[in-house]
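So you can see what is in the structure, the chains are spelled out below.
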Amino acid sequence: MVSLGKKNITWESVKVKSDDGFTLTVFHLTGDENGPWTTSKSSVVFTSGLGGDSREFTATLPMSGEKPMAYQLGALGYDVWLANNSAALYSKEHDKYTADDREYWEMDWQKYGIYDTPAVVTEIQKRNGGKKVGYIGHSQGTSQVLAGMGIIPEWYDKNISTAVLLGPCVIPNEKYFHAYSKESWDFLNEHEIWAIGNSEGPSWDDNLALINVEGPQELKDIMNAVKDMVDVPVQAVAAFAQTSHSKRFMRYNPNWFEEENPKAPLMDYGLVREMKVAMFVGLWDNTCPVTYAQQMYENFGGEKTVTDWIVHPMHGHVPWGFANSAWFMDKLTTALDRNTN
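Residue positions within a chain follow its written sequence, with the count starting from 1. With the structure being a predicted model, the display of local features is reserved for residues of pLDDT at least 70 and the display and counting of side-chain atom pairs for 80 or more, all residues being used for whole-chain, interface and lining totals. Computation of side-chain values: all heavy atoms of the structure, hydrogens and water removed.

Colleague: Report on the pattern of salt bridges, specifying residues and quantitative values.
Modeller: Think of a salt bridge as a Lys or Arg side-chain nitrogen and an Asp or Glu carboxyl oxygen that are within 4 Å of each other. Summed over the entire model, instances satisfying the criterion amount to 14 salt bridges. A salt bridge links D231 to K92; the shortest N-O distance between them is 2.7 Å. With D231 in the loop between α9 (223-226) and β11 (232-233) and K92 in the loop between β6 (79-82) and β7 (93-94), the pair connects residues that are 139 residues apart, well separated along the chain. Whether a residue is buried, partly exposed or exposed follows from its accessible area with a 1.4 Å probe, protein chains only, as a fraction of its type maximum: under 20%, in between, or over 50%, in that order. Look at K92 and you get buried, because its relative accessible area is 15%. Linking K126 and E123 is a salt bridge whose minimum nitrogen-to-oxygen distance equals 3.6 Å. Here K126 and its partner E123 are both found in helix α3 (residues 109-128), three residues apart, which amounts to about one turn of the helix. Look at K126 and you get exposed, because its relative accessible area is 63%. The exposure class of E123 is buried, given its relative accessible area of 15%. Every helix listed is a DSSP run of H or I at least four residues long, and every strand listed is a run of E at least two residues long, numbered separately from the N terminus.

Colleague: How would you explain helix α6 (residues 182-190) if you had to name every residue and give the values?
Modeller: Regarding α6, the residues found buried are S184, W185, F187 and L188. Down the axis of α6, the buried side of the element spans an arc of 160°, and every buried residue falls inside it. Exposed and oriented more than 90 degrees from the buried face of α6 are E183 and E190. Residues of α6 that are buried in the fold lie against α7 (204-214), α8 (217-221) and α10 (234-246). E192 lies just past α6 and shows a positive phi near 55°. By construction, the arc corresponds to the directions joining the helix axis to the C-beta atoms. Note on contacts: a residue pair is in contact if any heavy atoms of the two residues lie within 4.5 Å.

Colleague: Describe the state of the cysteines, listing the residues and the values that go with them.
Modeller: Count a disulfide wherever a pair of cysteine sulfur atoms falls within 2.5 Å. Counting across every chain of the model gives one disulfide. There is a disulfide in this structure between C169 and C288, and the S-S distance comes to 1.9 Å. Residues C169 and C288 are joined through a disulfide that is left-handed, its torsion about the S-S bond being -65°. Of this pair, C169 sits in the loop between β9 (160-166) and α6 while C288 sits in the loop between β12 (276-282) and α11 (290-299), placing them 119 residues apart in sequence. Residue class for C169 comes out buried when judged on its relative accessible area of 3%. C288 gets classed as buried once you look at its relative accessible area, which sits at 3%.

Keep in mind these numbers describe shape, not what the thing actually does.
Dropping the structure here:
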């Protein structure tokens, strides 16, 4: 056990093997400055947004007087785990490939939903007596669990109690994906640029300089927005671009630019029958707009699956990852407690 940052949180690092060869690191929070926590409630696992990792849930917004939501849940008796997806910081080891290999980066949030999340949850269940686990995801963390619910719904019904979706995202705003064109895609593949901000493998600084000098203008135009991202597979961005352009929550199509009317199978998250969902939506969310969140609610069959529909009149997209107010924590714990074993 060691102390986590200035909050004096104790934790253990747990290694988890996914079925597709990655070794994932999950952090299990165990106590604070007052001593070890006593677990009296359900297990909960957190998953971050695009380009993020477990550190997202150990931070707060400036001037916040409250501890991060993960720490508050631990003190309230929840069994708290912080996940890190494949290739993110803390989860870089693969049985066969390294960050120098194209195959290492051939992944997206759909893969996380069918390999990473099940691997992490299964490890938690080894320790909690096989009980269902609550899931809290932000942004891409919601996309991956929704993909998993659409591809392997039976597994999610059996193992997840409630999925809390913070800034739920199935069809992101198309304005962020103007650079997803055949010219840009061919340039990235020609120069073997498979990740944005990769901290291992080919130098991101060199790749960034190459894009800014030789890349298509539309690709150059977005570099200021993405240059500080870390370990983001290009395929994960492409998968979002495809759902955005098609307005369909569908599987990634590797032949997108070769097909006249590219499509792929839909991921119907409404197939789940037993697990429940809580949706926390920002009225001013310009990344994953509230109109699509409303469609999600309807696709779930409304109250049949969605037990909590929370629309914050002042929130956008990013702040949900750092939410920790008394109002929010009350809503969050109410949602988590509705469908426990």
